[in-house]
Amino acid sequence: TLTDTASEIVRRMWTGFGGETIHLGRIGWVRPFRPMRLASELLLSGGGRLRRAASSLSGPLDGLAMRLGRRYLDTRRPECSAEPLRPQTMVETLPMVAGDLRLRPDYDARFLEWLFRELAAVESRGTPVGYLIRDRAEKVLGWYVYYLRPGRVSQVLQIAARERDVSGVLDHLFHHAQAHGSTAVRGRLEPHLVESLSSRNCVLHASG
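The sections below set out a description of the structure shown in this document. (Residues numbered from 1 in each chain as written. Predicted model: local features only at pLDDT ≥ 70, side-chain atom pairs only at ≥ 80, totals over all residues. Heavy atoms only, no water.)

Considering the pattern of salt bridges
Moving on, step 1. This model, assessed by the stated rule, comprises five salt bridges.
Moving on, step 2. Across the pair glutamate 8 and arginine 11 runs a salt bridge, and its minimum N-O distance is 2.8 Å. Taken together, the residues span about one helical turn, with glutamate 8 and arginine 11 both in helix H1 (residues 8–16) at a distance of three residues.
Moving on, step 3. One salt bridge connects glutamate 83 with arginine 134, and the closest N-O pair in it is separated by 2.9 Å. One end of the pair, glutamate 83, is in strand S2 (residues 81–84); the other, arginine 134, is in strand S3 (residues 127–134), and 51 residues separate them in sequence.
Moving on, step 4. If you follow the salt bridges from partner to partner, you end up with Glu8, Arg11 and Arg12 in one network. (Salt bridge = Lys/Arg side-chain N within 4 Å of Asp/Glu carboxyl O. Helix = DSSP H or I, 4+ residues; strand = E, 2+ residues; numbered from the N terminus.)

Some thoughts on the sheet that holds strand S6 (residues 184–188)
Moving on, step 1. An order of S2-S3-S4-S5-S6-S1-S7 is seen for the seven strands of this open sheet, with the pairing classed as mixed. Two strands bound the open sheet, and with one partner strand each, they are S2 and strand S7 (203–206). Averaged over neighbouring strand pairs, the angle between their axes works out to 30° when direction is ignored.
Moving on, step 2. In terms of strand pairing, strand S1 (residues 27–32) meets S7 through four bridges, oriented antiparallel. For valine 30, the partnering residue across the bridge sits in S7 and is valine 203. (Pairing = 2+ DSSP bridges. Axes fitted to C-alpha atoms, helices over the stretch in contact; angles between N-to-C directions.)

Some words on the pairing of S1
Consecutive residues of a regular strand have side chains that alternate between opposite faces of the sheet.
Moving on, step 1. The element S1 is extensively covered by neighbouring structure, given that five of its six residues are classed as buried.
Moving on, step 2. With five bridges connecting them, S1 and S6 associate as antiparallel partners. Looking across to S6, one finds that arginine 31 is bridged to valine 185. (Buried < 20%, exposed > 50% of the residue type's maximum accessible area, 1.4 Å probe, protein only.)

Notes on the packing of aromatic side chains
Moving on, step 1. Here the structure, examined in full by the defined rule, presents five aromatic pairs.
Moving on, step 2. With a centroid separation of 6.2 Å and an interplanar angle of 15°, the aromatic rings of tyrosine 107 and phenylalanine 111 are classed as stacked.
Moving on, step 3. On the accessibility criterion, phenylalanine 111 (36% relative accessible area) is partly exposed.
Moving on, step 4. Ring centres of tyrosine 144 and tyrosine 146 lie 5.9 Å apart, and the angle between their planes is 55°; this geometry places the pair in the tilted category.
Moving on, step 5. On the basis of relative accessibility, which here comes to 0%, the residue tyrosine 146 falls in the buried class.
Moving on, step 6. Feature note: the residues Tyr107, Phe111 and Trp114 constitute an aromatic cluster, connected by ring pairs. (Phe/Tyr/Trp six-rings, centres within 6.5 Å; stacked < 30°, edge-to-face > 60°.)

Purely spatial values, then, with no claim about function.
Structure below.
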């Protein structure tokens, strides 16, 4: 039996009954683009007067932050090409993208078509976006899928790439999210992402 993104109270109950906490799986990452708006979103829940006031101030402050801290907040222009991610392409490229994983999903096109429809139906999370990434020689590097939320934090659902190729996939993801108005993008830490995330000004945090 597994549980995911549990609260601290549930985690204590879980371990009290003999369960185990997988600590690496509890670590999330955030790549900020607009730090003031991100802070107001994380610290001020709801739509009250204080939240609206903070949002109105965050625009000018984020503009100042971009001028003073561009090297930390701006994204790298990707040196790769991208095409919309399609179920059949995922099935065909999965062996080369996930070849070094001990455990990987056994996707088929019919299941992925259903899954993409389900993702699009959850409108409160944003618009699902997926791209297949290729290098200049047209070799497939991997893909990403995330919920785009302009003006809010966008949530990554999947980053699929070998460790040596993941940098190109991340660069395109971050550039796309920033260009389309995301305050930040966040996801779950996985071992093959650690080096590339740390070199791209991502912040790690306990997550559920």
